[in-house]
Amino acid sequence: QVQLVESGGGLVQAGGSLRLSCAASGSIFSTSTYTMGWYRQAPGKERELVAHLTSTGSTNYADSVKGRFTISRDNAKNTVYLQMNSLKPEDIAVYYCNAKRTIFGIKYDYWGQGTQVTVSS
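The structure displayed is predicted, hence computed values, not measured ones. (Residues numbered from 1 in each chain as written. Predicted model: local features only at pLDDT ≥ 70, side-chain atom pairs only at ≥ 80, totals over all residues. Heavy atoms only, no water.)

A. Quick peek at the state of the cysteines. Considering all chains together, one arrives at 1 disulfide under this definition. The partner cysteine of C22 in its disulfide is C97, sulfur to sulfur 2.0 Å. Since a negative S-S torsion denotes a left-handed disulfide, the C22-C97 link at about -80° is left-handed. Of this pair, C22 sits in strand β3 (residues 18–25) while C97 sits in strand β9 (residues 93–103), and the two are 75 residues apart along the sequence. Like C22, the residue C97 is buried in the burial classification. (Disulfide = S-S within 2.5 Å. Helix = DSSP H or I, 4+ residues; strand = E, 2+ residues; numbered from the N terminus. Buried < 20%, exposed > 50% of the residue type's maximum accessible area, 1.4 Å probe, protein only.)

So, in structure tokens, the structure goes:
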């Protein structure tokens, strides 16, 4: 069983920074073999991709966060991070960690429980 546990959310003033962490656990799970992603869902809106990091190290960011957010991982700790700088009120959302991969035609897709990020203007 794979578990993803997010932490690091909270309340910050506009222009401030937060670092989210996603600690993964599971008997054979390794962040190095999955595409790890951060998604967010604002009230009344659909969940959207914020950033993802593939097993080969490629990254992709939503246009709205490019230049402000950075995704990274520490494979030794099985942890993925999202460094968020220059936060804006429009970044307010619940942020979810995701791990996915497809191997031998079988899709694996795991989600954390989410962590709230609130930005005061």
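From this point, the narrative continues.
B. Geometry of the pattern of salt bridges. Inspection of the entire model under this criterion finds 4 salt bridges. In this structure, the salt-bridge partner of D91 is R40, at a minimum N-O distance of 3.0 Å. Taken together, the positions of D91 in the loop between β8 (79–84) and β9 and R40 in strand β4 (residues 35–41) put the pair 51 residues apart, joining distant regions of the chain. We note that D91, like R40, is buried. D91 is paired through a salt bridge with R68; the nearest N and O atoms lie 2.8 Å apart. (Salt bridge = Lys/Arg side-chain N within 4 Å of Asp/Glu carboxyl O.)

C. The arrangement of the side chain of E6 in detail. Note that E6 resides in strand β1 (residues 3–7). Summary of buried charges: E6 has no salt-bridge partner, and the nearest side chain of opposite charge, R47, is 7.5 Å away. Among the polar contacts made by the side chain of E6, one reaches the main-chain amide nitrogen of C97 at a distance of 2.7 Å. Among the polar contacts made by the side chain of E6, one reaches the main-chain amide nitrogen of G114 at a distance of 2.9 Å. (Lys, Arg positive; Asp, Glu negative; His and termini not counted. Polar contact = N/O pair within 3.5 Å; in protein donor to acceptor, adjacent residues only side chain to side chain.)

D. Representation of the packing of aromatic side chains. Tallying each qualifying case throughout the model produces 4 aromatic pairs. Each ring, one from F29 and one from Y34, has its centre 4.4 Å from the other, and the planes form 40°; the classification is tilted. Neither F29 nor Y34 differs from the other in exposure class; each is buried. Plain terms: the ring middles of F29 and Y110 are 6.4 Å apart, the flat faces sit at 85° to each other, and that makes the pair edge-to-face. Of this pair, F29 sits in the loop between β3 and β4 while Y110 sits in strand β10 (residues 106–111), placing them 81 residues apart in sequence. It is R47 that lies over the ring of Y96; its NZ or CZ is 3.7 Å from the centre. The positively charged end of R101 is found above the aromatic ring belonging to Y108, 5.9 Å away from the centroid. (Phe/Tyr/Trp six-rings, centres within 6.5 Å; stacked < 30°, edge-to-face > 60°. Lys NZ or Arg CZ within 6 Å of the ring centre and 35° of its normal.)

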